[in-house]
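Okay, here's what each chain looks like letter by letter:
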Amino acid sequence: MAVISQRRRRLRQFWVQVHLWPGMLLGAVFAVLGLSGSVLCFYPEIDLWLNPAQQVAGSAPATFSVQQALDALHAARPDYGGAWRLEMPLADGRPLSARYYRPPETAGRSFAPFMATLDPQTVTITSQRFWGDYAMTWLYNLHYTLLWEKPGRMAVGVVGLFSLLSLGSGLYLWWPAGSRWREALRVRIRPGIVRATYDWHTLGGIYGFVLLLVISFSGVFLALPEYGRPLVEAFSPLGRSATPHSADTRGDMISADLAVARAQAALPGAVLRWVETPATADSVFRLSFWQAGDPGYRFPRSNVWVDAYSGDVLAVRDWRREATGDVFLAWQHPLHNGEGFGLAGRLLASLAGLLPALLWVTGVMRWSQKRQARAKLSALADGRPV
């Protein structure tokens, strides 16, 4: 029994170190990611609040001309000859958003598209900006890449992996023995800074465990898709996005409105979310639709590719026919920001983003308190004044 007890103590001490040092060294970064993610759960609404000129009076029209919106963008930026991506208004009072991915003004950045908003009622441009130059996109870059582009994205993925390790080790260290479950799960903050610090750290970790596990796990997949996709594909085949081209490029391109009508006919009842125009002479229109059951309303999985000259539907990807692996990957972003469960899910994800800061601060305080306690014991043992 003594040998078993000694082994358990050594094992526990090992997991204490596993829990301590990643949390101490990377906890601040995880806290920054959590706090920024908490805000980003509502970044379209916050950006609209910060920029009231983008707000639309009244409800969006039932139908409006996508081609007219494109004409307005081409008139404002005649040198932008590549593909535009137009995002349909998310709700009443919201603008139509547009982005151009390769503007010459930001050629030195890995991701800094030109961003514009349009009033869907008047089809007039209400804002023109570059990604990363205004508050919410700067915060997005901080959250996704730590403002360090690709190396930062890798670092975010590594922090996510260590956060999973910290969560697992913390659960092991907390796990109650025998019949102590009720006491372990009791919600209380005891008096005294030492006990209160322990209670805040433990309760935050245990009652936020599932939320933290979800945002950490999904965050790793979003930050490191080049590693996550092969792992998923080992268990379930993944679909490949279609890359069709217009077969006959003679004549004039069809209007974006006709491309929308042809695509809508291919997915009747689906909600149009995005329109991507042809990037080159032989490229096609790519349209994204939301269908019932798709967890991501803003970035849905159903697509239709339309020939830019004939108007023929060249390919269709229907969310409802996706393989298991594709469904799993499709859920990662809606889980990460809570979108997959509506407003309640977004609120929970936003709340979860506050927990890493709580755990890091209380964890550092616990480490400092224990260090001070050991110093006092050592001083007493040596007969030194405390």
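Residues numbered from 1 in each chain as written. Predicted model: local features only at pLDDT ≥ 70, side-chain atom pairs only at ≥ 80, totals over all residues. Heavy atoms only, no water.

A. Just the overall build of the chain, in detail. The helix and strand tally for the chain stands at 13 helices and eight strands. Excluding contacts between residues fewer than 6 apart, the proportion of contacts in the chain whose partners are at least 24 apart in sequence is 61%. When the accessible surface of the chain is summed, it comes to about 20,700 Å², and 63% of that surface belongs to carbon and sulfur atoms. One way to put it: in the chain the 38 positive side-chain charges average out to a point 21 Å from where the 27 negative ones average out. (Helix = DSSP H or I, 4+ residues; strand = E, 2+ residues; numbered from the N terminus. Contact = heavy atoms within 4.5 Å. Areas by Shrake-Rupley, 256 points an atom, 1.4 Å probe, with all protein chains shown as cover. Lys, Arg positive; Asp, Glu negative; His and termini not counted. Charge placed at Lys NZ, Arg CZ, Asp CG, Glu CD.)

B. Unusual backbone geometry, seen in detail. Notably, valine 123 is not glycine yet its phi reads approximately 55 degrees, a positive angle. Considering the arrangement of structural elements, one finds valine 123 in the loop between strand E3 (114-119) and strand E4 (124-130). According to the relative accessible area criterion, valine 123 is buried, its value standing at 13%. Positioned with a positive phi, glutamate 149 is a non-glycine residue whose angle comes to about 50 degrees. (Buried < 20%, exposed > 50% of the residue type's maximum accessible area, 1.4 Å probe, protein only.)

C. Representation of the nonpolar core. Of all hydrophobic cores here, the largest spans 32 residues; its most connected members are Val66, Trp84, Leu86, Phe285, Leu287, Phe289 and Val306. Contributing elements (two or more residues each) for this core: helix H3 (66-76), strand E1 (84-87), strand E2 (96-100), E3, helix H10 (256-266), strand E5 (271-276), strand E6 (285-290) and strand E7 (302-306). Not counting chain neighbours up to four residues away, the residues in contact with leucine 86 comprise Val66, Ala69, Leu70, Leu73, Leu96, Ser97, Ala98, Arg273, Trp274 and Val275. Formed by eight residues, the second largest nonpolar core is a distinct cluster that contains Tyr43, Met115, Tyr134 and Leu139. (Core = buried A, V, L, I, M, F, W, Y, C linked by side-chain atoms within 4.5 Å.)

D. Local environment of the sheet that holds E7. Here eight strands make up an open sheet; going across it, the order is E4-E3-E2-E1-E5-E6-E7-E8 and the pairing antiparallel. Here the strands that pair on one side only, and so sit at the sheet edges, are E4 and strand E8 (313-317). Between one strand axis and the next, the sheet turns through 20 degrees on average, direction left out of account. Here E6 runs beside E7; their pairing, made up of five bridges, is antiparallel. Bridge pairing links arginine 286 to tryptophan 305 in E7. The sheet strands contacting H3 are E1, E2, E3, E4 and E5, and the helix crosses E1 at an angle near 130 degrees. (Pairing = 2+ DSSP bridges. Axes fitted to C-alpha atoms, helices over the stretch in contact; angles between N-to-C directions.)

E. Main features of the packing of aromatic side chains. One pass over the full model with this rule turns up 22 aromatic pairs. Between the aromatic rings of tyrosine 80 and tryptophan 84, the centroid separation amounts to 6.0 Å while the plane-to-plane angle is 35 degrees, which identifies the pairing as tilted. Assessed through its relative accessible area of 0%, tryptophan 84 is described here as buried. Between tyrosine 140 and tyrosine 144, the ring centres sit 6.3 Å apart and the planes meet at 55 degrees, which makes this aromatic pair tilted. (Phe/Tyr/Trp six-rings, centres within 6.5 Å; stacked < 30°, edge-to-face > 60°.)

F. Fine view of the environment of tryptophan 15. You can see tryptophan 15 is positioned in helix H1 (residues 2-40). In this structure, the C-alpha to C-alpha distance between tryptophan 15 and glutamine 121, residues 106 residues apart in sequence, is 60 Å. Apart from residues no more than four positions distant in its own chain, tryptophan 15 is found in contact with Leu165, Ser169, Tyr172 and Leu173.

G. Up close: the pairing of E8. Both E7 and E8 contribute to a ladder of four bridges, which runs antiparallel. Paired with valine 304 across the strands is valine 316, a residue of E8. Linking E7 to E8, which pair antiparallel, is a turn of six residues; within it glycine 311 sits at a positive phi near 80 degrees.

H. Region of the structure containing the packing of helix H5 (residues 149-174) against helix H8 (residues 209-223). The interhelical angle for the contact between H5 and H8, taken along N-to-C directions, is 150 degrees, at an axis separation of 8 Å. By the angle class used here, H5 and H8 are roughly antiparallel. Of the two possible hands of crossing, H5 and H8 adopt the one that is left-handed. Contacts from Arg153, Val156, Gly157, Gly160, Leu161, Ser163, Leu164, Leu167 and Leu171 in H5 reach Phe209, Leu212, Leu213, Ser216, Phe217, Val220 and Ala223 in H8. Here the contact of H5 with H8 is composed, by residue class, of eleven nonpolar, four polar and one charged. (Parallel < 35°, antiparallel > 145°, perpendicular 65-115°, else oblique. Left-handed = near helix turned anticlockwise from the far one by under 90°. Nonpolar A, V, L, I, M, F, W, Y, C, P; charged D, E, K, R; others polar.)

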